[in-house]
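Residues per chain are reported as follows:
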Amino acid sequence: MSIFEYNGSALVAMVGKNCFAIASDRRLGVQLQTIATDFQRIFKMHDKLFLGLSGLGSDAQTLYQRLMSRHKLYQLREERVMKPETFASLVSAILYEKRFGPYFCQPVIAGLGDDDKPFICTMDSIGAKELAKDFVVAGTASESLYGACESMFKPDMEHEELFETISQALLSSVDRDCLSGWGGHVYIVTPSEVTERILKGRMD
Amino acid sequence: MECVFGMVGKGFALVVADTSAVNSILVHKSNEDKIMVLDSHKLMGASGEAGDRAQFTEYVQKNVALYHFRNGIPLTTKAAANFMRGELATALRKNPYMVNIVLAGYEKETGPSLYFIDYIATLHKVEKAAFGYGSYFSLAMMDRHYHPDMTVEEAIELAEKCIEEIRSRLVVAPQNFVIKIVDKDGAREHSWRRTTKD
């Protein structure tokens, strides 16, 4: 089994009309055994920037701690928060530093940039950025997620419809993947508020 | 076939570990204490490579004590868990410690807590945790019978059920188990479950 599939994960981010959604599954496993069903994969960097980390849980935690520390230092020096595009470049650089001994993680970055324009991107474990206008996926369920998102996505959805779409895409994809699932964690971010919801899907 | 497991109850946390020290087919001793008392209100049950286990647990214990001396206040359980994770993560890509840890602690402010720390430095706060081949049996037993806010008697009963299951279903089951508990009165040994004297 690949090291990327050791803990199991599923992450998806979608763009809507002046908003975005980012969702993950909640399972923490050790290969075939499930350890916990409330594992946090999505982290808030600031009110308009969220980072999801799929792949090896340990490296996700290390990477999150390093990035949080870098962002806090940036905030102290610049007296403002990081733009999503800047943050994506930072993550990419940090991942490429370890080119020949990488972090076994695939990040998904979602944020509201200048004029509250939604920004999403993903990258591989050595920092190759993939910008998208509609949706990005990562994790062991990524192939199912690509299919589900491609068929369910529509451009310019309002936040309620976006929530329904991303939830259905996530739940139907993790149901086909034994290493991810046990519910979902969805964040809907608009310029004025952040809504966090827990989904109850097939608990198996 | 090392077995360590733990659970959180009402105002306490329990850690159970087997006490066998094995080298291939030989049992060196069956009263090896694998649950280290880190400080007055913390228990650290460790399983894995024998040398790494002894080395790492002692290293953590001494560093926890050093923090207490330097700063005048003890580390919280969460802080100790994160310290351990940091050490494991740093060593992971150089010279990994092959040790899996169940950390139990009690604070007046936050009550009892239990942390699962993998040898790859995956950290998660949980209500019940188990490592080793015994985990297949003890986790299943705990999934069935555990409920939040159990009393000490109920938790000991559940621990006994898990031990019974491990003894009857694991092919090279360990002979003796030790149960340690941590609550507002501190971390201490609770009892043993022996099948052989040592």
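Reading the values: the criteria
- Residues numbered from 1 in each chain as written.
- Chains lettered and ligands numbered in written order.
- Predicted model: local features only at pLDDT ≥ 70, side-chain atom pairs only at ≥ 80, totals over all residues.
- Heavy atoms only, no water.
- Contact = heavy atoms within 4.5 Å.
- Buried area = accessible area lost by both parts, 1.4 Å probe.
- Salt bridge = Lys/Arg side-chain N within 4 Å of Asp/Glu carboxyl O.
- pLDDT = per-residue confidence, 0-100.
- Axes fitted to C-alpha atoms, helices over the stretch in contact; angles between N-to-C directions.
- Helix = DSSP H or I, 4+ residues; strand = E, 2+ residues; numbered from the N terminus.
- Parallel < 35°, antiparallel > 145°, perpendicular 65-115°, else oblique.
- Left-handed = near helix turned anticlockwise from the far one by under 90°.
- Buried < 20%, exposed > 50% of the residue type's maximum accessible area, 1.4 Å probe, protein only.
- Expected span 1.5 Å × (residues − 1).
- Arc of directions from axis to C-beta.

**Student:** When you look at the interface of chain B and chain A in this model, what are you seeing that I'm missing?
**Tutor:** Quoted interface sizes are often the accessible area lost when the parts come together. Contact residues are listed per partner, giving 17 residues for chain B and 21 residues for chain A. Both sides of the chain B and chain A interface together cover about 1400 Å² of buried area, and 49% of this is carbon and sulfur. Counting the surface chain B buries against chain A, the share from its top three residues, B:Arg85, B:Arg93 and B:His124, is 39%. The interface formed by chain B and chain A contains one salt bridge. Between A:Asp59 and B:Arg93 there is a salt bridge, and its shortest N-O distance comes to 2.8 Å.

**Student:** Which parts of the structure should I look at to understand the confidence of the model for chain B?
**Tutor:** In low-pLDDT segments, the atomic positions of the prediction should not be examined closely. Taken over all residues, the pLDDT of chain B has a mean of 95, while the share at 70 or more is 99%. We note a pTM of 0.94 for the whole complex and an ipTM of 0.92 for its interfaces.

**Student:** I tried to follow the packing of helix H1 (residues 57-78) of chain A against helix H2 (residues 84-97) of chain A on my own but got confused; where do I start?
**Tutor:** Between two packed helices, the angle of one axis relative to the other and the distance separating the axes together describe the packing. Residue and element names in this part refer to chain A. Remark: H1 packs on H2, axes separated minimally by 11 Å, with the N-to-C direction vectors making an angle of 130°. When the interaxial angle is binned, H1 and H2 end up oblique. Note on packing geometry: the crossing formed by H1 with H2 is right-handed. Across the interface between the two elements, Leu-63, Arg-66, Leu-67, Arg-70 and Tyr-74 of H1 pack against Thr-86, Phe-87, Leu-90, Val-91, Ile-94, Leu-95 and Glu-97 of H2.

**Student:** Looking at this model, I keep getting lost on unusual backbone geometry. Mind explaining?
**Tutor:** As a rule of thumb, non-glycine residues mostly have phi less than zero, and peptide bonds are mostly trans rather than cis. Phi at A:Trp182 is positive, roughly 55°, even though this residue is not glycine. If you trace the backbone, A:Trp182 turns up in the loop between helix H4 (159-174) and strand S11 (184-189). One non-glycine residue with positive phi stands out, namely B:Ser24, at about 50°. Along the polypeptide, B:Ser24 turns up in the loop between strand S3 (21-23) and strand S4 (26-29). Residue class for B:Ser24 comes out exposed when judged on its relative accessible area of 65%.

**Student:** Please explain helix H1 (residues 50-71) of chain B as it appears in this structure.
**Tutor:** In an α-helix, one turn spans 3.6 residues; hence positions three or four apart end up facing the same way. Residues and elements named next belong to chain B. Helix length check: H1 (22 residues) gives 32 Å between terminal C-alpha atoms against 32 Å at 1.5 Å per residue, within 8%. All buried positions along H1 are accounted for by Arg-53, Phe-56, Thr-57, Val-60, Gln-61 and Val-64. Across the axial projection of H1, the buried residues extend over an arc of 135°, all falling on one side. For H1, the exposed residues lying more than 90 degrees away from the buried face are Gly-51, Gln-55, Lys-62, Phe-69 and Arg-70. In this structure, the buried side of H1 is in contact with strand S5 (35-39), strand S6 (42-48), helix H2 (77-92) and strand S7 (99-107). Positioned one or two residues after H1, Gly-72 has a phi angle of 80°, which is positive.

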